[in-house]
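# Residue-level structure breakdown
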Amino acid sequence: MTDDATRVLVVDDQVLLRGSFRILVENEPGLTAVGEAGDGAEAVEMARAHRPDVVLMDVRMPVMDGIEATRRICGSPDTAGVRVLILTTFDLDEYVYAALRAGAAGFLLKDSPPTEVLAAIRVVAAGDALLAPSVTRRLIQEFAGRPGPLPGQGPDGLTGLTRREREVLELIARGLSNDEITAHLHLSMGTIKTHIGRLLAKLAARDRAQLVIAAYESGLVSPDNSRRGRGGCS
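Described in the following lines is the structure provided in the data block. Note that this is a predicted model, so its numbers are computed, not measured.

### Concerning helix α1 (residues 15-26)
Compared with an ideal rise of 1.5 Å per residue, which puts 12 residues at 16 Å, α1 spans 16 Å between its outermost C-alpha atoms and is within 8% of the ideal. Buried residues along α1 sit in contact with β1 (6-11), β2 (31-37), β3 (54-57), β4 (83-88) and α5 (114-125).

Here it is in structure tokens:
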């Protein structure tokens, strides 16, 4: 272990699976496991004690589920810098939406290849958000079932954004990467990153995943026009 290694807390109620993830992390250069937790309540306590960079968080667990644990970790000033990567066997809308609203920075299925899990840890540790392609599609379907913008989340909630910021936000919600956004708008990467930084600040969003939610809840983007975009890792 080196001082600059990414510190990971593994949370799962299945002992064998939890151990497997820990071994996966420990055997990867630049990563180290700081501990294991078997339920959400224990995860919250260990996150406060160890301040990991990333928490690999199961969803369905006894005592406290992963969604509530994520909400408490991301919502506490003591652990606000901790990034949560949700891992679950249940590719269901309710978990995707709830996890992202709770502050999760990423969402992957447990049957993802080990290389993808390790890459996801590095992505969220770097401050980016990550959504598996299947999760992005289901997130769109979640909003497709809504009758319209949520109460208090209409277009007026975006009045502080410039025209260009709205364009960038719409493209993010359609699933485009930064490289694709630069090509689409014919702007430099530095300019796009500046716009994204301003969007995060103006919308009080933790990361890119929450920008996607803001775009849908405001009514800026609808599931119909989002299908023209590409679902994928952001």
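Further notes follow.
### Thoughts on the environment of Thr32
Inspection of the secondary structure assignment puts Thr32 in strand β2. In this structure, the C-alpha to C-alpha distance between Thr32 and Arg7, residues 25 residues apart in sequence, is 5.1 Å.

### Focus on the packing of helix α8 (residues 178-185) against helix α9 (residues 189-202)
Interaxial distance between α8 and α9 falls to 9 Å at its minimum, and their mutual angle equals 110 degrees. Judged on the interaxial angle alone, α9 and α8 are roughly perpendicular. Facing Asn178, Asp179, Ile181, Thr182 and Leu185 of α8, the residues of α9 in contact are Met189, Ile192, Lys193 and Ile196. Looking at the contact of α8 with α9 residue by residue, the classes come out as 5 nonpolar, 2 polar and 2 charged.

### As for the side chain of Asn178
Here Asn178 lies in helix α8. Not counting chain neighbours up to four residues away, the residues in contact with Asn178 comprise Met189, Ile192, Lys193, Ile196 and Arg208.

### Some details on the nonpolar core
The biggest cluster of nonpolar side chains holds 24 residues, and the ones touching the most others in it are Leu9, Val11, Val55, Met57, Ile73, Val84 and Ile86. Of all the secondary structure elements, the ones that give two or more residues to this core are β1, β2, α2 (40-50), β3, α3 (66-75), β4 and α4 (93-102). With residues near it in sequence (within four places) discarded, Val11 still touches Ala37, Asp39, Ala43, Val55, Leu56, Met57, Asp58 and Met61. Leu158, Leu161, Ala173 and Leu199 belong to the second largest nonpolar core, which has 19 residues in total.

### Details of the pairing of β4
Across the 6 residues of β4, 6 count as buried, placing the element largely inside the fold. The two faces of β4 match: Arg83, Leu85 and Leu87 on one face and Val84, Ile86 and Thr88 on the other face are all buried. Two strands pair when backbone bridges link them, and β3 and β4 are joined in this way by 4 bridges, in the parallel orientation. Within the sheet, the bridge partner assigned to Val55 lies in β4 and is Val84. What joins β3 to β4 is α3, and the crossover it makes is right-handed. Of the pairings in the sheet, the one linking β4 to strand β5 (residues 106-109) comprises 4 bridges and is parallel in character. Looking across to β5, one finds that Leu87 is bridged to Leu108.

### Considerations on the side chain of Glu165
Note on placement: Glu165 falls in helix α7 (residues 163-173). Judged by its relative accessible area of 2%, Glu165 falls in the buried class. What Glu165 contacts, discounting residues up to four positions off in sequence, is Gly160, His195, Arg198, Leu199 and Lys202.

About the criteria used
- Residues numbered from 1 in each chain as written.
- Predicted model: local features only at pLDDT ≥ 70, side-chain atom pairs only at ≥ 80, totals over all residues.
- Heavy atoms only, no water.
- Helix = DSSP H or I, 4+ residues; strand = E, 2+ residues; numbered from the N terminus.
- Expected span 1.5 Å × (residues − 1).
- Contact = heavy atoms within 4.5 Å.
- Axes fitted to C-alpha atoms, helices over the stretch in contact; angles between N-to-C directions.
- Parallel < 35°, antiparallel > 145°, perpendicular 65-115°, else oblique.
- Nonpolar A, V, L, I, M, F, W, Y, C, P; charged D, E, K, R; others polar.
- Core = buried A, V, L, I, M, F, W, Y, C linked by side-chain atoms within 4.5 Å.
- Buried < 20%, exposed > 50% of the residue type's maximum accessible area, 1.4 Å probe, protein only.
- Pairing = 2+ DSSP bridges.
- Right-handed = clockwise from strand over helix to strand, strands pointing away.

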